[in-house]
Amino acid sequence: MTPVSPAIQQQKPARVAVVGAGKVGSTLAQRILEKNIADVVLLDVVEGLPQGVALDLLEARGLEDHDGFILGTNDYQDTANSDIVVVTAGRPRTPGMDRNDLIHINASIIAQSVKSAIAHSPNAILILVTNPLDVMTYVAWQVTQLPTTRVMGMAGVLDSARLQTFIAMELGVAIADVHAMVLGGHGDLMVPLPSYCTVRGVPITELLDQSTIERLIERTRNGGAELVKLFKTGGAYYAPASSVCRMVEAILHNQSRLLPTAAYLQGEYGLNDVFVGVPCRLGANGVEQILELKLSDAELAALHTSAESVRANNKIALEALHAKV
Ligand SMILES: NC(=O)c1ccc[n+]([C@@H]2O[C@H](COP(=O)([O-])OP(=O)(O)OC[C@H]3O[C@@H](n4cnc5c(N)ncnc54)[C@H](O)[C@@H]3O)[C@@H](O)[C@H]2O)c1
Ligand SMILES: O=C(O)C[C@H](O)C(=O)O
């Protein structure tokens, strides 16, 4: 056996706390472990659930060829000193519901869970997943008062991955050759950018007619609802978990990746005091840069409409929280 140097022996693996051990949280834990990105602490309020998921995943390690460690717990103390805290805790929608129908129930869950998680991991980067995404990210920032570079929400990676899928299926080309970009809030007002969607650098506007592009965009807008309708008791989780995993990896491996992320805007795109999906450079420090793309007047107006809707719902969420105190 090759001896391992003391420096390597002492190097602690990165640690990701995943709050919420439901569909998205448990699938994310699996992705992080099987890609050898970090050790995971999986927390839920339901006794036995995170412990069971953790044990099940540990028992798969020999078959999946990794040595990652996962702890399942109901106690925030066990999440101490995490490098990243991902919050998936809260209710998913069911058929007929809008994501904003979850504001009241999820705002208090988010407020309580981020406060507890950050109390034990004050230096962590916080990634929100719970819906309505942009609003819950704002709530998490308000409650924790963390620097804005260390608070972000996952949605744009997922919405872009959906559009990427539909473009590749329509053209019958390899998914690896397709890049898609969706900005704005994670809802019906999201802002897909066809001129920034490309196949090996060729904009899709040169490969598909306008009505086809509109059909693919419409399917992307309804991508979450399409799955909620199929699953009936909740929403998507495989692609959402992969999307968060991509962000976690970009941060922990300091990859400087350009990913659409719900980030806090301070004048970018003419918007202030709102978290909404924009292209961000993600690296070891979290949101290291917000890129201001050149948008058409119509795209910029759509981004503003989307952000204003998020802003109105932020107000509702904060009022609901204050009313509870
Ligand atoms: N941002 C996105 O793109 C995106 C994608 C998919 C799902 N989501 C959202 O993520 C959330 C989770 O979805 P899911 O499918 O995993 O739901 P789920 O019901 O399978 O899991 C949610 C888990 O949260 C736990 N929980 C509830 N309150 C908690 C608390 N106070 N502390 C810790 N855990 C708590 C529940 O016990 C449950 O296990 C939903 O709000 C869903 O809409 C967002
Ligand atoms: O649609 C949902 O409610 C879940 C998630 O936001 C999604 O887009 O899949």
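Residues numbered from 1 in each chain as written. Chains lettered and ligands numbered in written order. Predicted model: local features only at pLDDT ≥ 70, side-chain atom pairs only at ≥ 80, totals over all residues.

Time to look at the site of ligand 1. Within the structure, ligand 1 sits among 35 residues, and Gly22, Val24, Ala89, Asn131 and Pro240 are positioned closest to it. Mapped by element, the contributors of at least two residues to the shell around ligand 1 are helix H2 (23–34) and helix H5 (103–120). At four residues, the largest contribution of residues to the shell around ligand 1 is made by H5. Here the shell around ligand 1 is built from residues that sort into 18 nonpolar, 13 polar and four charged. (Near = placed C-beta within 6 Å. Helix = DSSP H or I, 4+ residues; strand = E, 2+ residues; numbered from the N terminus. Nonpolar A, V, L, I, M, F, W, Y, C, P; charged D, E, K, R; others polar.)

If you check the domain split of the protein chain, you get domain 1 (13–153) and domain 2 (156–324). A separation of 21 Å is found between the C-alpha centroids of domain 1 and domain 2. Only H2, strand S4 (84–87), H5, strand S5 (125–128), helix H6 (133–144) and strand S6 (151–153) provide two or more residues apiece to the side of domain 1 that touches domain 2. Looking at the side of domain 1 that touches domain 2 element by element, the count peaks at eight residues for H6. (Domains from an automatic or database assignment.)

In the contact formed by helix H7 (residues 156–171) and helix H8 (residues 210–221), the axes pass within 9 Å of each other and the chain directions differ by 140 degrees. Between H7 and H8, the interaxial angle falls into the category oblique. The two elements H7 and H8 cross, and the hand of that crossing is right-handed. Counted together, Asp159, Arg162, Leu163, Phe166, Ile167 and Glu170 of H7 and Thr212, Leu216, Arg219 and Thr220 of H8 form the full contact between these two elements. When grouped by side-chain class, the residues that make up the contact of H7 with H8 number four nonpolar, two polar and four charged. (Axes fitted to C-alpha atoms, helices over the stretch in contact; angles between N-to-C directions. Parallel < 35°, antiparallel > 145°, perpendicular 65-115°, else oblique. Left-handed = near helix turned anticlockwise from the far one by under 90°. Contact = placed C-beta atoms within 7 Å.)

Taking the numbering used here, the UniProt-annotated feature "active site" (unreviewed entry) corresponds to His186. Filtering out sequence-adjacent residues up to four positions away, His186 remains in contact with Leu133, Asp134, Ala155, Asp159 and Gly277. (UniProt positions renumbered as here; feature names shortened; annotations may be inferred.)

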